[in-house]
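# Survey of secondary and tertiary structure
What follows is each chain in one-letter form.
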Amino acid sequence: MNTDLIENVTYDEITLGQSARLLRTLTLADIQAFAAVSGDINPAHLNAEYANDTLFHGVIAHGMWGGSLISALLGTQFPGPGTIYLEQVLHFTKPVRIGDTLTVTATVVSKDDAKKRVELDCQVVNQKGDRVLHGTARVLAPTQKVKLPRINAPLIQLFDPEARFKELLARSKGLAAVRCAVVHPCDAESLSGAMDSAGYGLIVPVLIGPEVRIRHLAQEAGIDLTGVEIISVSHSHAAAEMAADMAVKGEVEVLMKGSLHTDELIHAVLARPALRTGRRMSHVFRFDVPLYPKPLLITDAALNIHPTLQEKVDIIQNAVDFARIMGIETPKVAILSAVETVNPNIPSTIDAAALCKMADRGQIKGAILDGPLAFDNAISLHAAQVKHINSPVAGDADILVVPDLESGNMLAKQLEYLAGASGAGLVLGARVPIALTSRADGPMNRVASALLAQLAAHNARRDQPRQAW
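The present account deals with the structure reproduced in this document.

### A look at the sheet that holds strand 4 (residues 101–112)
Sheet strands pair via backbone hydrogen bonds, and the direction of the pair is either parallel or antiparallel. Strands sit in the order 2-4-5-6-3 across an open sheet of five strands; the sheet is antiparallel. Only two strands of the sheet have a single partner each, and these edge strands are strand 2 (19–25) and strand 3 (84–92). Averaged over all neighbouring strand pairs, the angle between strand axes comes to 20°, with direction disregarded. Relative to strand 4, strand 2 runs antiparallel, the two being bridged by seven bridges. Note that in strand 4 the partner of Leu-23 across the bridge is Thr-103. Along the sheet face, helix 4 (residues 63–76) touches strand 2, strand 3, strand 4, strand 5 (117–125) and strand 6 (131–140) and points at about 145° away from the line of strand 3.

If you want it as structure tokens, here you go:
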């Protein structure tokens, strides 16, 4: 049997008692997809907490999901293409749960030669042999033979930002909140982001800025500052200086950017030798991308404009160390360029090749590097196969290293605004992590950035001599 073709059974080929079947295992994604296309968002199918209190004691499939399997069998296998549904009677006898494997069978019980109609007995049973659905179908069977290339079903990519956000928050479970200097939170977004992060138990905020302005802003935005420490300074530059001094003294473990310019805050950190390490400071974005199966780190898209080869070593090592904090034991690093071959006229390809060799020699540790790789073959295995790229990184990258800030910034914003990705950002390479947010970031992004900083700070507590932030 050629599985690349779809072939029907014509009316004349159909005999009484003839049958066909298909098997399908229900997944949570099936339930979510059916809800998305049908609009049936009954909580019995989508809300585990609600469903546990129903007579079914758990989430169940939509009844018509089982009915759709009968339709799939009739329309694609038996009789197959050319079949016209006339009537379907269904009886629902048992619930279908996630993990159930259903066997769908259609058996011919009668034929009408004059009208080319066929009646079929339809049975759906689960892996225990229990009948969950049954009924009869009446169809017009095809009269002409059809043999066509099999069409792959369109891919439905389900992406629930809130669910991904909750998964990220779960990484903070059991960790104490870290004391965080929130630098010049003088707009509603940065102030509410800091207080939301405190509400999730990620940080203990210390607000640094003009107190009268901060309190007025909080009152207008309905933000409760009861019990929150505020250190009053006159302007953003003074706020950055105060926050950096507190970090030097160990009075805070994390810095969070408010409504001041990034340069102001970073300059204050760099001006204090006690906050510097032997590494270049760099920024890492963490993105949840709807069409990518795992979180994706992008570096550096916010701090280093035209990094040198040696600076890229630090940028990569910062990202690798952070990926390992996030649970990726051996991250796969794709060093991006416009092409996947070394070209003397494209400096980023030469840097990529050198960085891979440096990793081979132990100058970059804890990761698998490959490059140069173009963006498509870095994140798509199919694209890599088409171009005959044999690589452990291609199509499965955890970290994308961009050639410069311009390309990285554009890539990050394209993922967010065109691909619907949700992201968070962190500055690494100093003695304290810095949660760096954009003025356009939403509440979840700001909280996510605080969570990344909390994780980095706790890692620094455990391993301070070896790993400095």
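The structure having been displayed, the exposition proceeds.
### As for the pattern of salt bridges
For the coordinates displayed, the defined rule picks out 21 salt bridges. Residue Glu-229 pairs with Arg-179 through a salt bridge whose shortest N-O separation is 3.0 Å. A residue pair is termed long-range when its members are at least 10 positions apart, and Glu-229 in strand 10 (residues 229–232) and Arg-179 in strand 8 (residues 178–183) qualify at 50 residues. By relative accessible area, which is 34% here, Glu-229 ends up partly exposed. For Glu-253, the salt bridge goes to Arg-461, with nearest N and O atoms at 2.5 Å. Taken together, the residues span a long stretch of sequence, with Glu-253 in the loop between helix 8 (236–248) and strand 11 (254–257) and Arg-461 in helix 15 (residues 443–462) at a distance of 208 residues. A residue is classified by how much of its surface remains accessible, and Glu-253, at 22% relative accessible area, is partly exposed. Connected through shared salt-bridge partners, Glu-7, Glu-13, Lys-145 and Lys-147 make up one network.

### Some thoughts on unusual backbone geometry
Geometrically, the link from Phe-78 to Pro-79 is a cis peptide bond, its omega value of 0° lying close to zero. Counting through the fold element by element, Pro-79 comes out in the loop between helix 4 and strand 3. For the peptide bond that leads from Thr-299 to Asp-300, omega is -10°, which places it in the cis range. Inspection of the secondary structure assignment puts Asp-300 in the loop between strand 13 (296–299) and helix 10 (309–325). Positive phi, normally seen in glycine, also occurs at His-388, with a value near 60°. The topology assignment puts His-388 in the loop between helix 13 (381–386) and strand 16 (399–401).

### Remarks on the pairing of strand 11
Covered by surrounding structure in strand 11 are Val-254 and Met-256 together with Leu-255 and Lys-257, the residues of both alternating faces. Judged from the four bridges that link them, strand 8 and strand 11 form a sheet pairing that is parallel. The partner of Val-183 across the bridge, within strand 11, is Lys-257. In the sheet, strand 11 pairs with strand 18 (residues 434–435) via two bridges, with the strands oriented parallel. Bridge pairing in strand 18 links Leu-255 to Ile-434.

### Some remarks on the packing of helix 6 (residues 188–199) against helix 15
The relative placement of two packed helices comes down to the angle between their axes together with the axis-to-axis distance. Between helix 6 and helix 15, the least distance of the axes is 9 Å, while the angle of their chain directions is 55°. Here helix 15 runs oblique to helix 6, going by the angle between their axes. In the packing of helix 6 onto helix 15, the handedness of the crossing is right-handed. In this structure, helix 6 contributes Glu-189, Ser-190, Gly-193, Asp-196 and Ser-197 to the contact, and helix 15 contributes Pro-443, Arg-446, Val-447 and Ala-450. A class-by-class count of the residues in the contact of helix 6 with helix 15 yields three nonpolar, three polar and three charged.

### Some details on the sheet that holds strand 11
Overall, mixed pairing links the eleven strands, which are arranged 10-9-8-11-18-17-12-13-16-14-15 in an open sheet. Edge positions in the open sheet fall to strand 10 and strand 15 (368–373), since each of these has one partner strand only. Of the pairings in the sheet, the one linking strand 8 to strand 9 (residues 203–209) comprises six bridges and is parallel in character. Each bridged residue has a counterpart across the sheet, and for Ala-181 the counterpart in strand 9 is Val-206. Contacting strand 8, strand 9, strand 11, strand 12 (282–288), strand 17 (422–428) and strand 18, helix 15 runs over the sheet at an angle of about 40° to strand 17.

Rules behind the numbers
- Residues numbered from 1 in each chain as written.
- Predicted model: local features only at pLDDT ≥ 70, side-chain atom pairs only at ≥ 80, totals over all residues.
- Heavy atoms only, no water.
- Pairing = 2+ DSSP bridges.
- Helix = DSSP H or I, 4+ residues; strand = E, 2+ residues; numbered from the N terminus.
- Axes fitted to C-alpha atoms, helices over the stretch in contact; angles between N-to-C directions.
- Contact = heavy atoms within 4.5 Å.
- Salt bridge = Lys/Arg side-chain N within 4 Å of Asp/Glu carboxyl O.
- Buried < 20%, exposed > 50% of the residue type's maximum accessible area, 1.4 Å probe, protein only.
- Parallel < 35°, antiparallel > 145°, perpendicular 65-115°, else oblique.
- Left-handed = near helix turned anticlockwise from the far one by under 90°.
- Nonpolar A, V, L, I, M, F, W, Y, C, P; charged D, E, K, R; others polar.

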